[in-house]
Amino acid sequence: MLDKNAKRDAAALRILLDVAKDQRISPESILVDTELNEDNVYSHQAEIEVWQELRAIENLREIDAPLSLALQSASRLHITTLGTLGYAMLSSFDIRSALEIAAKFHSISLWLCDVTTGARGNVVEFFVLPHTLPESCRDFCSIRGVASLKVWVSELLGRNIAPLSVQLRTPKPQDSDLYDSFFDTKIEYGAEVYKISFERPLFREPLKLADPWNRQRSEEELKAIKSRREATFANQVRELILIDPKKNQSEDTVARSLKISGSTLRRRLKEEGTTFREVRAETLHSLARVMLIGSPRNIDEIADQLGYSEAASFVRSFRRIEGMAPGAWRKAEREQH
């Protein structure tokens, strides 16, 4: 099941905006109802949610942009665009190994479709499956997926690889010459599946950049990325507040740090059964306890460090939770230990 709230790198959406600009399609028209703007998408290491990219693709389809934009997008989705995952693939022993790690970390890749493989004699077939996507996005995402496989196989082997065959479920388009030029092979339109096939011996060729050490290091980094992206929004908010309590006092400030809108942050926290105010209060109180026990700072200094405008506000907040003022709590704790 596709998790539409899952986080993903914004690279594929950035490329889509770039390709659309080449066709004089404004980014604003593509980003309608996504809660994103160009600054969000093009910021360094930007992350978005799956539903936001799907909404952008739906917008593109609603203005009748040609499906060949999917080909153009795929042509710019280089292996290195995948970041750490791309380097792990390039460092693999062969294509089979590269695809295994891509499948292992599918949830943090740039893929939206599922992919399955099969072998018939001397042929390896890839089936791109868009069944979990909204109907309006399936053709675009499937064509982009099929085309990306052609790009990645070529880049992994360091030379242009023409597939044996390509099957697309869409009718033959008016700009079919673009498809012919891109795939450089026979294309079957109106097929029952989205499929691309390659010669099987290609998958046994050692990759030129194979490096077991780099592959292992990249895989460890991928595990960390996956873990971070799977973390709850409440935990991400806590982490930001702990890093800089004075800076991250407001919901809008934290939302900007997470590269999302304030409304998205509120929605995600609500889904997790909490609010920004609750997370902030809980985090600041936990931090206050640590500082009271392990720091020589006085109450005024701790209040300032935690971002309170005045010590009295900090004292009231602490008393409301612990039933006593922070100074008295500190004294009682130190006497016990």
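Quantities reported herein were computed from a predicted structural model and do not represent experimental measurements.

Asker: Is there a simple way to think about the overall build of the protein chain in this case?
Answerer: Counting its secondary structure elements, the protein chain contains 17 helices and seven strands. The globule rule puts the C-alpha radius of gyration for 337 residues at 20 Å, and the 25 Å found for the protein chain is more than 25% above it. Its C-alpha atoms put the protein chain at 80 × 45 × 30 Å along the principal axes. In the protein chain, which comprises 337 residues, the proportion classed as buried is 49%. Contacts in the protein chain between residues far apart in sequence, at least 24 positions, make up 68% of those at least 6 positions apart. Total accessible area computed for the protein chain in this model is approximately 16,900 Å², and 49% of it derives from carbon and sulfur atoms.

Asker: Can you walk me through unusual backbone geometry in this structure?
Answerer: Both trends apply: most residues other than glycine have a negative phi, and most peptide bonds are in trans. Non-glycine residue Asp64 carries a positive phi angle of around 60°. Its place among the elements puts Asp64 in the loop between α4 (50-62) and α5 (68-76). Given the relative accessible area of 67%, Asp64 is considered exposed. The backbone of Lys259 sits at a positive phi, close to 60°, despite the residue not being glycine. Structurally, Lys259 is set in the loop between α12 (251-257) and α13 (262-271).

Asker: What should I look at first to understand empty space enclosed by the protein in this one?
Answerer: To find leftover empty space, a probe the size of one water molecule is rolled over the atoms. Inspection of every chain in the model, using the stated rule, returns one cavity of 30 Å³ or more. In this structure, the largest cavity spans a volume of roughly 80 Å³. For the largest cavity, the full set of lining residues is Leu77, Leu110, Trp111, Leu112, Cys113, Cys141, Arg144, Gly145, Ser148 and Trp152. Across the lining of the largest cavity, the residue classes break down as seven nonpolar, two polar and one charged.

Asker: Explain the packing of aromatic side chains to me, please; I cannot follow it from the model alone.
Answerer: Taken as a whole and assessed by the stated rule, the structure comprises nine aromatic pairs. Judged by centre distance (6.1 Å) and plane angle (80°), the ring pair of Phe126 and Phe198 falls under edge-to-face. Of this pair, Phe126 sits in strand β4 (residues 123-129) while Phe198 sits in strand β7 (residues 194-199); the two residues are 72 residues apart in sequence, bridging distant segments of the chain. Each member of the pair, Phe126 together with Phe198, is buried. Look at Phe182 and Phe183: their rings are 5.0 Å apart centre to centre, the planes differ by 80°, and that puts the pair in the edge-to-face class. In textbook terms, an aromatic cluster arises when at least three aromatic residues are bridged by ring pairs, as seen for Tyr308, Phe314, Phe318 and Trp329. The ring of Phe233 is capped by Lys7, whose NZ or CZ atom sits 5.8 Å from the centre of that ring. Positioned above the aromatic ring of Phe182, the side-chain terminus of Lys150 is 5.8 Å from the ring centre.

Asker: Explanation requested: the pattern of salt bridges in the structure shown.
Answerer: For side chains bearing opposite charge, pairing can occur when the charged atoms are close. Inspection of the entire model under this criterion finds 24 salt bridges. Residues Lys7 and Glu47 are paired through a salt bridge, measuring 3.0 Å at the closest nitrogen-oxygen approach. With a gap of 40 residues between them, Lys7 in strand β1 (residues 7-9) and Glu47 in strand β2 (residues 47-49) connect regions that are remote in the sequence. For Glu47, a relative accessible area of 10% puts it in the buried group. Measuring nitrogen to oxygen at the nearest pair gives 2.7 Å for the salt bridge that ties Arg120 to Glu125. What makes Arg120 exposed here is its relative accessible area of 52%. When salt bridges with common partners are traced through the structure, they connect Glu49, Arg267, Arg268 and Glu271 into a single cluster.

Asker: I would appreciate a short explanation of the packing of helix α1 (residues 11-22) against α5 in the present structure.
Answerer: The relative placement of two packed helices is expressed as an angle between their axes plus a distance between the axes. In the contact formed by α1 and α5, the axes pass within 9 Å of each other and the chain directions differ by 125°. In this view, α1 runs oblique relative to α5, as classed from their interaxial angle. α1 and α5 meet at a crossing whose hand is right-handed. Side by side, α1 and α5 meet where Ile15, Leu16, Asp18, Val19 and Asp22 of the first sit next to Leu69, Gln72, Ser73 and Arg76 of the second.

Asker: What am I meant to see in the packing of α1 against α4 here?
Answerer: The geometry of α1 relative to α4 is characterised by a closest axis approach of 10 Å and an angle of 20° between their N-to-C directions. In this view, α1 runs roughly parallel relative to α4, as classed from their interaxial angle. Viewed along their axes, α1 and α4 form a crossing whose handedness is left-handed. Between α1 and α4, the residues in contact are Ala12, Leu13 and Leu16 and Glu53, Ala56, Ile57 and Leu60, respectively. The residue inventory of the contact of α1 with α4, partitioned by class, reads six nonpolar, no polar and one charged.

Asker: What should I look at first to understand the layout of surface pockets in this one?
Answerer: Here the largest pocket is characterised by a volume of approximately 700 Å³. Lining the largest pocket are 28 residues, with Asp9, Gln45, Glu47, Arg228 and Arg229 positioned closest to its centre. Elements represented by at least two residues in the lining of the largest pocket include exactly β1, α1, α6 (84-90), α10 (212-230) and α11 (233-243). Class assignment for the residues of the lining of the largest pocket results in eleven nonpolar, nine polar and eight charged. Here the second largest pocket defines a volume of roughly 430 Å³. Lining the second largest pocket we find 19 residues, and of these Leu99, Glu100, Ala103, Thr117 and Phe126 sit closest to its centre.

Cut-offs used in this document
Residues numbered from 1 in each chain as written. Predicted model: local features only at pLDDT ≥ 70, side-chain atom pairs only at ≥ 80, totals over all residues. Heavy atoms only, no water. Helix = DSSP H or I, 4+ residues; strand = E, 2+ residues; numbered from the N terminus. Rg over C-alpha atoms; globule rule 2.2 N^0.38 Å. Buried < 20%, exposed > 50% of the residue type's maximum accessible area, 1.4 Å probe, protein only. Contact = heavy atoms within 4.5 Å. Areas by Shrake-Rupley, 256 points an atom, 1.4 Å probe, with all protein chains shown as cover. 1 Å grid on protein atoms, 1.4 Å probe; cavity = no way out; pocket = protein on both sides within 12 Å on 5 of 7 lines; lining within 4 Å. Points joined across faces, edges and corners; volume = space filled by probe spheres on them. Nonpolar A, V, L, I, M, F, W, Y, C, P; charged D, E, K, R; others polar. Phe/Tyr/Trp six-rings, centres within 6.5 Å; stacked < 30°, edge-to-face > 60°. Lys NZ or Arg CZ within 6 Å of the ring centre and 35° of its normal. Salt bridge = Lys/Arg side-chain N within 4 Å of Asp/Glu carboxyl O. Axes fitted to C-alpha atoms, helices over the stretch in contact; angles between N-to-C directions. Parallel < 35°, antiparallel > 145°, perpendicular 65-115°, else oblique. Left-handed = near helix turned anticlockwise from the far one by under 90°.

No statement about biological role is implied by the geometric values presented.
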